[in-house]
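Structural overview for review
Next come the chains, spelled out residue by residue.
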Amino acid sequence: MNDLFIDVDYAQIYKDGQKIGGDVFLLSRNPENNQIVCTLSDGLGSGVKANVLASLTARMAHKLSFSPMDLTHSARIIMNTLPVCKERKISYATFTIADLRVLPSDQVAMNLVEYDNPGALVFQGSRSLQWDVEHIDLQRDGAFKKEVLGHSMLTLPIGSRLVIFSDGVTQAGMGKSLPLGWRLDGVREFTRTQIEANPDISSHDLAQAIVCRAHSLDRLSAKDDITCMVVYVRRPRRTLVVTGPPFIKEHDGQLVQKIKDFEGRKIVSGGTTAQIVSRLMQKPLKVDMSCWSAQVPPCSMMEGIDLVTEGMLTLSKVATALEQKKPVRSMTNDAVKKFIQVMQESDQVHFIVGTKINEAHQDPSIPVEIGIRRNLIGRLRRALEDVYLKETSQEYI
Amino acid sequence: MGKKEKVHVQICVGTACFVQGGADLLLYNEFLDPAVLGGCEIEGVSCIGGCKEAQSKDRPPYVRIGEKVYGNVNQEMLCKLLAEATRA
């Protein structure tokens, strides 16, 4: 597994009264060459029309970034392809593309292309960096203005952040609390104080904080779609998930040793497994009756383990929630919520899967979802990798 | 007269028990008589192990009251068992 992790997340609030956004964010990871491409596009206007423009733009920009084609050529193709707005007689969507590649030297090479979005911000720790942007002029046939693409190549060491946002952020509060809106300087200062107050703030939290602040400047009634994306280059946060007892009893000690040796957060999922760990680590196991729901049994507490849950039911609900990308804040306070919170706060998840069969689960009268542990872990891993872009690994014991 | 010792009760929250009625038992605060509830010390336990004894004629959910394990426990039965145990 990599010793460097690129944490990417975004937050978005639609224009007041709209049910669909005109800002579109796309993210893909190409694991073969450690490449990540994130695209933020803002379509002209708002609602469905803007969403169509922005989706088209973002999707094209995204696909073209994975091809070896020259960036300016890609940009020209995008601009010529966009449909024309009936009222304004123009075709228009802004975009920012960040193409990130992990270098062997624990750094990330970033290729940044900006077109008419507010300028991206780069932070090294809480210090905001300035850099020279190469301007590329594009003259299109019949265009209503000359386009200028900003192109920059930067190297991001560990601890740096890239913040990209739509004009809904920089123009927040315009004409209300602030004459010209929040402006780039306002966003930069706010981001700096956020990072200073919490140096390890995740991309998710930072993007949320910026978007919420912009929304409050707009007095909770957004005048435009507000979207913010954050990339954070850092050391990976590791989590170990142990589920199921080892196939033979003699391996119990080996399992506990692996748990003890692991550096990072530890989850034990499974009643019997928890009892084995508790017995061998000589730490009492206490069921926390304050945290359960009708769907999943309560969590337990044990010294040295961050989270102890029941096994199959909890894992199956976790897999479903991850696949559906359910927001944590809408969940009831139970083991599934706690499990997902830990997953979201991790970058690399290692599963140790016990292969012993639980006879009590072979009863035909209990729900089908208590299936085969290995299938369940497969679902979990796929969801974590495909939906949340986490790195996962697995071993059987 | 010395203070009466509380009855120690463990409700199994293992998978097999939870899906076969154990979840209902965890609502003990709602269905147990407060006087009975006051005389018990109730806690959850990861697995009592009853479900793994192939010969056992009992079925989940399992509850341990004092030293004795009961199977097929539902809310009504738990009320009765605990009322008896606290009276004794």
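Residues numbered from 1 in each chain as written. Chains lettered and ligands numbered in written order. Predicted model: local features only at pLDDT ≥ 70, side-chain atom pairs only at ≥ 80, totals over all residues.

1. As for the sheet that holds strand E17 (residues 348-353) of chain A
Residues and elements named next belong to chain A. Strand order across the open sheet formed by 7 strands is E14-E15-E16-E13-E12-E17-E18, with mixed pairing between neighbours. Lying at the two open borders of the sheet, with one neighbouring strand each, are strand E14 (286-287) and strand E18 (391-396). The strands touched by helix H6 (residues 252-261) are strand E12 (238-243), strand E13 (265-269) and E17; relative to E12, the strand with the most contacts, the crossing angle is about 160°. (Pairing = 2+ DSSP bridges. Helix = DSSP H or I, 4+ residues; strand = E, 2+ residues; numbered from the N terminus. Contact = placed C-beta atoms within 7 Å. Axes fitted to C-alpha atoms, helices over the stretch in contact; angles between N-to-C directions.)

2. Notes on the interface of chain B and chain A
The extent of an interface is frequently quoted as the accessible surface area lost upon association of the parts. The interface of chain B with chain A comprises 17 residues on the first partner and 23 residues on the second. By residue number, the principal contributor to the side of chain B that touches chain A is helix H1 (residues 15-25) of chain B, which donates 6 residues. For the side of chain B that touches chain A, the class distribution of residues is 10 nonpolar, 5 polar and 2 charged. (Nonpolar A, V, L, I, M, F, W, Y, C, P; charged D, E, K, R; others polar.)

3. Some thoughts on the environment of Val48(A)
For Val48(A), the position within the fold is in helix H1 (residues 47-66). Each C-alpha atom, one on Val48(A) and one on Gly21(A), is 7.3 Å from the other, the two residues being 27 residues apart in sequence.

4. Focus: the packing of helix H4 (residues 183-197) of chain A against helix H5 (residues 203-217) of chain A
Residue and element names in this part refer to chain A. The N-to-C vectors of H4 and H5 enclose an angle of 135°; their axes lie 11 Å apart at closest approach. Our classification of the angle between H4 and H5 gives oblique. The way H4 lies across H5 gives a crossing that is right-handed. Contact residues: Val187, Phe190, Thr191 and Gln194 in H4; Leu206, Ala209, Ile210 and Arg213 in H5. (Parallel < 35°, antiparallel > 145°, perpendicular 65-115°, else oblique. Left-handed = near helix turned anticlockwise from the far one by under 90°.)

5. Observations concerning the confidence of the model for chain B
Residues and elements named next belong to chain B. For chain B, per-residue confidence averages 85 on the pLDDT scale, and residues scoring 70 or more make up 93% of the total. Highest mean pLDDT in chain B belongs to strand E3 (residues 63-65) (91); lowest belongs to H1 (86). Interface confidence for the predicted complex, expressed as ipTM, amounts to 0.74; the pTM equals 0.65. (pLDDT = per-residue confidence, 0-100.)

6. Looking at the pairing of strand E9 (residues 147-156) of chain A
The sheet contact formed by strand E5 (residues 107-115) of chain A and E9(A) spans 7 bridges and is antiparallel. Bridge pairing links Ala109(A) to Thr155(A) in E9(A).

7. Some thoughts on the packing of H6(A) against helix H7 (residues 271-281) of chain A
All names here are of chain A. The interhelical angle for the contact between H6 and H7, taken along N-to-C directions, is 80°, at an axis separation of 10 Å. Considered as vectors, H6 and H7 are oriented roughly perpendicular to each other. Packed against H6, whose contacting residues are Asp252, Gly253, Val256 and Ile259, the element H7 presents Ile276, Val277, Leu280 and Met281 at the interface. Split by residue class, the contact of H6 with H7 holds 6 nonpolar, 1 polar and 1 charged.

8. A look at the nonpolar core
One finds Ile210(A) and Cys228(A) to be the most contacted residues of the largest nonpolar core, which totals 65 residues. If sequence neighbours within four positions are ignored, Cys228(A) has contacts with Tyr10(A), Ala11(A), Val163(A), Phe165(A), Val169(A), Ala207(A), Ile210(A) and Val211(A). The next biggest cluster of nonpolar side chains, apart from the first, holds 61 residues, and it includes Ile305(A), Val9(B), Leu26(B) and Val36(B). (Core = buried A, V, L, I, M, F, W, Y, C linked by C-beta atoms within 7 Å. Buried ≥ 20, exposed ≤ 12 C-beta atoms within 10 Å, placed from the backbone.)

9. What to know about the environment of Pro61(B)
Residues and elements named next belong to chain B. Mapped onto the fold, Pro61 is located in the loop between strand E2 (40-45) and E3. The class of Pro61 is buried, set by 29 C-beta atoms lying within 10 Å. Taking the C-alpha atoms as reference, Pro61 lies 8.4 Å from Val19; in sequence the two are 42 residues apart. If we skip the residues at most four places from it in the chain, Pro61 touches Cys12, Cys17, Gln20, Gly21, Gly22, Leu25 and Val73.

10. A closer look at the sheet that holds strand E1 (residues 7-12) of chain B
Residues and elements named next belong to chain B. Taken together, 4 strands build an open sheet; the order of strands is E2-E1-E3-E4 and the sheet is mixed. Because the sheet does not close on itself, it has two edges, and the strands there are E2 and strand E4 (68-70). Within this sheet the neighbouring strands show an average axis-to-axis angle of 20°, counted without direction. Pairing analysis gives 6 bridges linking E1 to E2, with the strands arranged parallel. Directly across from Gln10, in E2, lies its bridge partner Glu43.

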